[in-house]
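Topology and contacts: notes
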Amino acid sequence: MNPRRFEGSRVIVTGAARGIGARIAERFADEGARVVVIDRLRDEGSARADAIGGTFVQADLASVDSTREAMEQAVAALGGVDALVNNAGLLRFASLMETTPEAWDETFAVNSRSMLLTLQIAAREMVAAGNGGAIVNLASMAAKTGGAGQVAYAASKSAVVALTRVAALELGPSGIRVNAMCPGYVLTEMGADTRTPEKVAQWSSYSPLGRLGEPDDVAGLALFLASPDGAYLTGQAVNITGGMVMH
């Protein structure tokens, strides 16, 4: 593997202040990319961007205007965009019967609608440049399996998979590849308040590998999908679940 395969590439990563997004941004930078970190967390996002020699843009991805403004700033800072990783997401726990319309709308605004907006702006730039590009959207194992107590989250991630497939069909003729990742249970800050040693052991037992995922596992796949090594992959929703899901 070329340790500098993204030398000079211009990369935007949303939700990159911490967790999976932070590791994705770090690894792109390690391999030579110029990276813009987009996140609502100003202090953590700024620190992350500074640590990797990148640029931070604050955004509330639940807001249409804020999302568009942040993407325009990111593209301007980089002078274009070669790869976009839509990592930002929101997880709220509630049963089917307890989920309110407001919670549903908020979850979809961040998890799905923001990806439509960022993808539109990035794709417009990529098409105009004429050099192709790569877009990677973070979906979830829940998009394929559902998840009791996660109705809004699971539905929003299924929407990400559908958005990815349509975008791949429409943008493919311009040389732009669009893929989704479907991680399983990954140890990050998201959902940490519900995590117990018993739950970790239980979920680890569902994987043939006997462990849960780490941010590096997902970051490695993101970089592969954005790299020339993934040049013939588009429209895919790739499982990264340690074998918990195999379809």
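Read on for a plain summary of the structure. (Residues numbered from 1 in each chain as written. Predicted model: local features only at pLDDT ≥ 70, side-chain atom pairs only at ≥ 80, totals over all residues. Heavy atoms only, no water.)

Okay, the overall build of the protein chain next. Within the protein chain, the secondary structure is distributed over eight helices and seven strands. A principal-axis box enclosing the C-alpha atoms of the protein chain has dimensions of 45 × 40 × 40 Å. The 247 residues of the protein chain split such that 51% are buried. Within the protein chain, contacts between residues at least 6 apart in sequence are counted, and of these 71% link residues at least 24 apart. Summing over all exposed atoms, the protein chain offers an accessible surface of approximately 11200 Å²; the carbon and sulfur share of this is 53%. (Helix = DSSP H or I, 4+ residues; strand = E, 2+ residues; numbered from the N terminus. Buried < 20%, exposed > 50% of the residue type's maximum accessible area, 1.4 Å probe, protein only. Contact = heavy atoms within 4.5 Å. Areas by Shrake-Rupley, 256 points an atom, 1.4 Å probe, with all protein chains shown as cover.)

Our focus in this paragraph is helix H4 (residues 101-129). Think of an α-helix as turning once every 3.6 residues; residues three or four places apart then point the same way. The end-to-end C-alpha distance of H4 is 40 Å, a good match for the 42 Å that 29 residues give at a rise of 1.5 Å each. At Ala109, H4 shows its maximal kink, close to 45°. Phi for Gly130, located one or two positions after H4, is positive at around 75°. (Expected span 1.5 Å × (residues − 1). Bend = angle between axes of the 7 residues up to and from the residue.)

Now for the pairing of strand S4 (residues 83-86). Two faces make up the sheet, and in a regular strand the side chains alternate between them. Residues of S4 alternate between two faces, with Ala83 and Val85 on one and Leu84 and Asn86 on the opposite face, all of them buried. Summarising the sheet, strand S1 (residues 10-14) and S4 pair through three bridges and their orientation is parallel. Opposite Val11, over in S4, you have Ala83 as the bridge partner. Of the pairings in the sheet, the one linking S4 to strand S5 (residues 133-138) comprises four bridges and is parallel in character. Considered in S5, the bridge of Leu84 is made with Ile135. Handedness of the crossover is the feature at issue here: the chain leaves S4, passes through H4, returns alongside S5, and the resulting connection is right-handed. (Pairing = 2+ DSSP bridges. Right-handed = clockwise from strand over helix to strand, strands pointing away.)

Topologically, Ser112 is positioned in helix H4. As for Ser112 and Leu61, which are separated by 51 residues in sequence, their C-alpha atoms are 10.0 Å apart. If we ignore the near neighbours within four places in the chain, the residues touching Ser112 are Thr107, Ser156, Ala159, Val160 and Leu163.

Here we come to the environment of Gly19. If you trace the backbone, Gly19 turns up in helix H1 (residues 19-30). Look at Gly19 and you get buried, because its relative accessible area is 19%. Distance in space between the C-alpha atoms of Gly19 and Ile121 is 25 Å, their sequence separation being 102 residues.

Attention now moves to the packing of aromatic side chains. Applying the stated rule across the entire model yields four aromatic pairs. Ring plane angle 25° and centroid distance 4.8 Å describe the contact between Trp104 and Phe108, whose orientation is recorded as stacked. With Trp104 and Phe108 both in helix H4 and four residues apart, this pair spans about one turn of that helix. A residue is classified by how much of its surface remains accessible, and Trp104, at 34% relative accessible area, is partly exposed. For the ring pair Trp203 and Tyr206, a centre distance of 5.2 Å and an interplane angle of 75° mean the geometry is edge-to-face. (Phe/Tyr/Trp six-rings, centres within 6.5 Å; stacked < 30°, edge-to-face > 60°.)

Turning our attention to the nonpolar core. With 34 residues, the main nonpolar core has Ile12, Ile38, Leu119, Ile135, Leu171 and Val178 as its most contacted residues. Counting only elements with at least two residues in this core, the list comes to strand S2 (34-39), helix H3 (64-78), H4, helix H6 (151-171) and strand S6 (176-183). Ignoring anything within four residues of it in the chain, the contact list for Ile12 reads Val36, Ile38, Met71, Ala74, Val75, Leu78, Val81, Ala83, Leu84 and Val85. Counting residues in hydrophobic clusters, the runner-up holds 29 residues, among them Ile24, Ala33, Val35 and Ala49. (Core = buried A, V, L, I, M, F, W, Y, C linked by side-chain atoms within 4.5 Å.)

A few words on the sheet that holds strand S7 (residues 237-240). Pairing is parallel in the open sheet, where seven strands are placed in the order S3-S2-S1-S4-S5-S6-S7. At either end of the open sheet lies a strand with only one pairing partner, and these are strand S3 (55-58) and S7. When the angles between neighbouring strand axes are averaged without regard to direction, this sheet yields 20°. The sheet contacts of H3 involve S1, S2, S3 and S4, and relative to S2 the element is tilted by about 165°. Packed on one face of the sheet, H6 meets S5, S6 and S7 and runs near 160° to S6. (Axes fitted to C-alpha atoms, helices over the stretch in contact; angles between N-to-C directions.)

For H3, spanning 15 residues, the distance from its first C-alpha to its last is 21 Å, which sits close to the expected 21 Å at 1.5 Å a residue. For H3, the full list of buried residues reads Ser66, Thr67, Ala70, Met71, Ala74, Val75 and Leu78. Viewed end-on, H3 has its buried residues packed into an arc of 160°, placing them on one side of the element. Seen from the buried face of H3, the exposed residues on the opposite side, beyond 90 degrees, are Asp65 and Ala76. Each element contacted by the buried residues of H3 is listed here: S1, S2, S3, S4 and H4. With a side-chain oxygen positioned 3.4 Å from the backbone nitrogen of Asp65, the residue opening H3 is Ser63. At the exit of H3 stands Gly79, carrying a positive phi of roughly 75°. (Arc of directions from axis to C-beta. Polar contact = N/O pair within 3.5 Å; in protein donor to acceptor, adjacent residues only side chain to side chain.)

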